[in-house]
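Listed here are the chains, written in short residue letters.
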Amino acid sequence: MKHVFRTRIVAVLALLVTILTSVASWAAAPKRDFYQLVIYRLKTAEQESRLDNYLQNAYMPALHRAGIEKVGVFKPIIATDAAEPAEKLVYVFIPFKSQDEWAKLEGKLASDKTYLEDGKDYINTPWDKPVYTRMESILMRAFVDQPHFQMPALSSPKSERVYEFRSYEGPSEKLYVNKVDMFNAGGEVKLFKRLNFNAVFYSEVISGASMPNLIYMTTFENKADRDAHWKAFSADPEWKTLSAMPKYQHNVSKNDTRFLRPTDYSDI
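Residues numbered from 1 in each chain as written. Predicted model: local features only at pLDDT ≥ 70, side-chain atom pairs only at ≥ 80, totals over all residues. Heavy atoms only, no water.

> Help me out: how do you make sense of the overall build of the protein chain in this one?
Along the protein chain, the regular secondary structure elements total 9 helices and 8 strands. Per-residue burial for the protein chain yields a buried fraction of 41% across its 268 residues. If you take every contact in the protein chain between residues at least 6 apart in sequence, the share linking residues at least 24 apart comes to 82%. With the model as given, the accessible surface of the protein chain reaches about 15000 Å², and the carbon-plus-sulfur share is 58%. (Helix = DSSP H or I, 4+ residues; strand = E, 2+ residues; numbered from the N terminus. Buried < 20%, exposed > 50% of the residue type's maximum accessible area, 1.4 Å probe, protein only. Contact = heavy atoms within 4.5 Å. Areas by Shrake-Rupley, 256 points an atom, 1.4 Å probe, with all protein chains shown as cover.)

Shown next, in the form of structure tokens:
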């Protein structure tokens, strides 16, 4: 009887140790940023001008007042010899400290009288003169290995910079998780950092149109700098070893890469 009692005590103690270890591990884990990426689709130069005015003079100042210090606004890089695209795109990247902060933002904006006045052209736009054609909102959570967004350490003028936006879609949820693991436990984030890719963020998409997918953004002084970095990445022995590992094969079904440039008024 005493033996059974001691066995039960040992089992209970072991369970308590497991629980306490798990709690300690959870408490020690860094909190991860929550991101929103809004993509505006426009048709005319007038729409683009009105949206720029709203973002620069109403929306971004309101976000700053709400405690969001840095907001990124980006537009696609169009080659000088390319025809004017039929659709204009504007990307707005908003980093939040938590999902709760994101959830409370609309309420803060609704009670911000300065925002409501400064943004009235956008907010009260008539039905027959919209500011945009459509808008898309993507919600994301930062990777474990880069839990917070980073300001790029660049010295070139914004008009020369190249921000590379990549979305990696997975053929299944399981294989998508495998690619995320390749970035974190596999060491891909650390490799990008060692090679100075100046990543703004890495994220798991938790709500969007192309799931399952992850999105990340790296930044460069200019196009030549971008090409040189990727050449070094492709030739790096660590990448060759990582990309050849059997457990990380066939985990990306589509790579959607876009080259963007920050607007003059972008914080990032």
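> I tried to follow the pairing of strand β4 (residues 134–142) on my own but got confused; where do I start?
Across a regular strand the side chains alternate sides, sitting on one face of the sheet and then on the other. In terms of strand pairing, strand β1 (residues 34–42) meets β4 through 8 bridges, oriented antiparallel. Directly across from Gln36, in β4, lies its bridge partner Leu139. (Pairing = 2+ DSSP bridges.)

> What should I look at first to understand the layout of surface pockets in this one?
Once rolled over the atoms, a probe with the size of a water molecule shows which space is left empty. Size it by volume and the largest pocket reaches roughly 300 Å³. If you trace the largest pocket, you find 13 residues lining it, with Gln146, Gln150, Lys193, Ala199 and Tyr202 closest to the centre. Per element, the largest residue contribution to the lining of the largest pocket is 4 residues, and it comes from helix α7 (residues 188–194). Looking at the lining of the largest pocket residue by residue, the class counts come to 6 nonpolar, 4 polar and 3 charged. Roughly 260 Å³ of volume is contained in the second largest pocket. Around the second largest pocket, the lining comprises 16 residues; the ones closest to its centre are Tyr54, Tyr59, Glu106, Leu109 and Met135. Tallied by class, residues from the lining of the second largest pocket come to 14 nonpolar, 1 polar and 1 charged. (1 Å grid on protein atoms, 1.4 Å probe; cavity = no way out; pocket = protein on both sides within 12 Å on 5 of 7 lines; lining within 4 Å. Points joined across faces, edges and corners; volume = space filled by probe spheres on them. Nonpolar A, V, L, I, M, F, W, Y, C, P; charged D, E, K, R; others polar.)

> Teacher, can you tell me more about the environment of Pro212 here?
Here Pro212 shows up in the loop between β6 (201–207) and β7 (213–220). In this structure Pro212 comes out as buried when scored by relative accessible area, which is 17%. When the C-alpha atoms of Pro212 and Lys174 are compared, they prove to be 9.2 Å apart, with 38 residues separating the residues in sequence. Those residues within four positions of Pro212 in sequence are excluded, and the remaining contacts are Tyr168, Glu169, Gly170, Ser172, Glu173 and Tyr176.

> Teacher, can you tell me more about helix α8 (residues 223–235) here?
For an α-helix, the turn length of 3.6 residues means that residues three or four places apart are oriented alike. An ideal rise of 1.5 Å per residue puts 18 Å on 13 residues; α8 measures up with 19 Å between its terminal C-alpha atoms. Of the positions making up α8, those classed as buried are Arg226, His229, Trp230 and Phe233. Along α8, the residues classed as buried sweep out an arc of 95° about the axis, all on the same side. In α8, the exposed positions that point more than 90 degrees away from the buried face belong to Ala224 and Lys231. (Expected span 1.5 Å × (residues − 1). Arc of directions from axis to C-beta.)

> I tried to follow the nonpolar core on my own but got confused; where do I start?
Grouped burial of nonpolar side chains is what soluble globular proteins tend to show. Core analysis: the largest hydrophobic core is formed by 27 residues, its most contacted members being Tyr40, Leu51, Tyr54, Leu55, Tyr59 and Val92. Where this core is concerned, the elements lending two or more residues are β1, α2 (45–65), β3 (88–96) and α3 (99–110). Setting aside anything within four residues of it in sequence, one finds Val92 in contact with Gln36, Leu37, Val38, Tyr40, Leu55, Tyr59, Val71, Gly72 and Val73. Counting residues in hydrophobic clusters, the runner-up holds 21 residues, among them Phe183, Tyr202, Phe220 and Trp230. (Core = buried A, V, L, I, M, F, W, Y, C linked by side-chain atoms within 4.5 Å.)

> Mind showing me how you'd approach unusual backbone geometry here?
If a residue is not glycine, its phi is most likely negative; likewise, a peptide bond is most likely trans. At the junction of Met211 and Pro212, the peptide bond is cis and its omega measures out at 0° in the coordinates. Residue Asn196 is not a glycine yet carries a positive backbone phi of 60°. Looking at the element boundaries, Asn196 is found in the loop between α7 and β6. The phi dihedral of Asn198 falls on the positive side, at around 50°, and the residue is not glycine. Mapped onto the elements, Asn198 comes out in the loop between α7 and β6. Asn198 gets classed as buried once you look at its relative accessible area, which sits at 16%.

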